[in-house]
Amino acid sequence: MHFRCFVALFLGGGLAGAADSHPELGKTYSAPAEVGRELLGTRPPEWQFGEWLQTPPLTLAGLRGKVVLVRWWTGPECPYCSASADSLNSLWKKDRDRGLVVIGMYHHKSPTPLTHEHVEAQIRRLGFEFPIGIDKDWTTLRRWWLDDQRRGWTSVTFLLDREGIIRHIHPGGAYFPGEPGCVALQAAVEKALR
């Protein structure tokens, strides 16, 4: 290993290496961590989804007592959603038996018509096994994230504690193993599950 590479890894440059593993994302692959901080400690309104996949319909009230991670996504054509898929799948597999419920909220951005088959194909391509809600007209995304605020990202992630209170927000873009936003999310999940 070259000395410069060793020094970079020793001084924390390994995080840059994590970002380098997804060159398709560019340098600005996520929103600044402070975006949405005003929502921490609040309780979001009940979601409104007419269609669920891989689960019977779920409600926030029905999930009380569970730690709930909610991620809005659009499909593999979104490089941020693709880059985050492995982390979401890993969290689901690792912590579902400890009380974590991962929910993918699909919000349609494709020029093709929104169909059940389209969403199912995207789920298969990303390997999602957890519950998926379809936020058809972005109704819940607007109520939770976009109303009254100008935010640059729609691929937001919320972590709710066992009482349904927002404890962590990844304000959009990608997170993946070794990346600071992913490390912060994993730490928040671990804290909420304790």
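Just so it is clear, the structure is predicted and the values come from calculations on it, not from any experiment. (Residues numbered from 1 in each chain as written. Predicted model: local features only at pLDDT ≥ 70, side-chain atom pairs only at ≥ 80, totals over all residues. Heavy atoms only, no water.)

Draft legend 1. Layout of helix α5 (residues 180-193). An ideal rise of 1.5 Å per residue puts 20 Å on 14 residues; α5 measures up with 20 Å between its terminal C-alpha atoms. Where α5 is buried, its residues touch β2 (67-73), α2 (79-95), β3 (100-106), β5 (157-160) and β6 (166-170). At the N-terminal end of α5, a side-chain oxygen is found 2.9 Å from the backbone nitrogen of G181, two or three residues along, and the residue is E179. (Helix = DSSP H or I, 4+ residues; strand = E, 2+ residues; numbered from the N terminus. Expected span 1.5 Å × (residues − 1). Contact = heavy atoms within 4.5 Å. Polar contact = N/O pair within 3.5 Å; in protein donor to acceptor, adjacent residues only side chain to side chain.)

Draft legend 2. Structural context of the pattern of salt bridges. Evaluation of the coordinates by the stated rule reveals five salt bridges. E38 serves as the salt-bridge partner of R151, at 2.7 Å between the closest nitrogen and oxygen. Taken together, the residues R151 in the loop between α4 (139-146) and β5 and E38 in the loop between α1 (3-20) and β1 (51-53) connect sequence positions 113 residues apart. Look at R151 and you get buried, because its relative accessible area is 13%. (Salt bridge = Lys/Arg side-chain N within 4 Å of Asp/Glu carboxyl O. Buried < 20%, exposed > 50% of the residue type's maximum accessible area, 1.4 Å probe, protein only.)

Draft legend 3. View of the packing of α2 against α5. Where α2 contacts α5, the two axes come as close as 12 Å, and the packing angle between them is 20°. The angle between α2 and α5 places the two elements in the roughly parallel class. Helix-helix and strand crossings are classified by hand; for α2 and α5 the assignment is right-handed. Seen from α2, the contacting residues are S87, L91, K94 and D95; seen from α5, they are C182, L185, Q186, V189, E190 and L193. Of the residues in the contact of α2 with α5, the class split is five nonpolar, two polar and three charged. (Axes fitted to C-alpha atoms, helices over the stretch in contact; angles between N-to-C directions. Parallel < 35°, antiparallel > 145°, perpendicular 65-115°, else oblique. Left-handed = near helix turned anticlockwise from the far one by under 90°. Nonpolar A, V, L, I, M, F, W, Y, C, P; charged D, E, K, R; others polar.)

Draft legend 4. Summary view of the pairing of β3. Within β3, seven of the seven residues are buried, which leaves the element mostly enclosed by the surrounding structure. In this sheet, β3 lies alongside β2 in parallel orientation, the contact comprising seven bridges. Along β3, the bridge assignment pairs R71 with G104. Handedness of the β2-α2-β3 crossover: right-handed. The pairing of β3 with strand β4 (residues 132-134) spans three bridges and is parallel. Counted as the bridge partner of M105 is G133 from β4. (Pairing = 2+ DSSP bridges. Right-handed = clockwise from strand over helix to strand, strands pointing away.)

Draft legend 5. Quick peek at the nonpolar core. In this structure, L69, W73, L100, F128, I132, L159 and V189 are the most contacted members of the largest nonpolar core, which totals 28 residues. When residues of this core are traced back to their parent elements, those giving at least two are β2, α2, β3, α3 (116-126), β4 and α5. With six residues, α5 is the single largest residue contributor to this core. Apart from the residues within four sequence positions on either side, L69 is in contact with L88, L91, L100, V101, V102, I103, T157, F158, L159, L185 and V189. (Core = buried A, V, L, I, M, F, W, Y, C linked by side-chain atoms within 4.5 Å.)

Draft legend 6. Here's a closer look at the pairing of β2. Counting buried residues in β2 gives seven out of seven residues, a clear majority hidden from the surface. Covered by surrounding structure in β2 are V67, L69, R71 and W73 together with V68, V70 and W72, the residues of both alternating faces. Bridging between β2 and β5 involves four bridges; their strand directions are antiparallel. Note that in β5 the partner of V68 across the bridge is L160.

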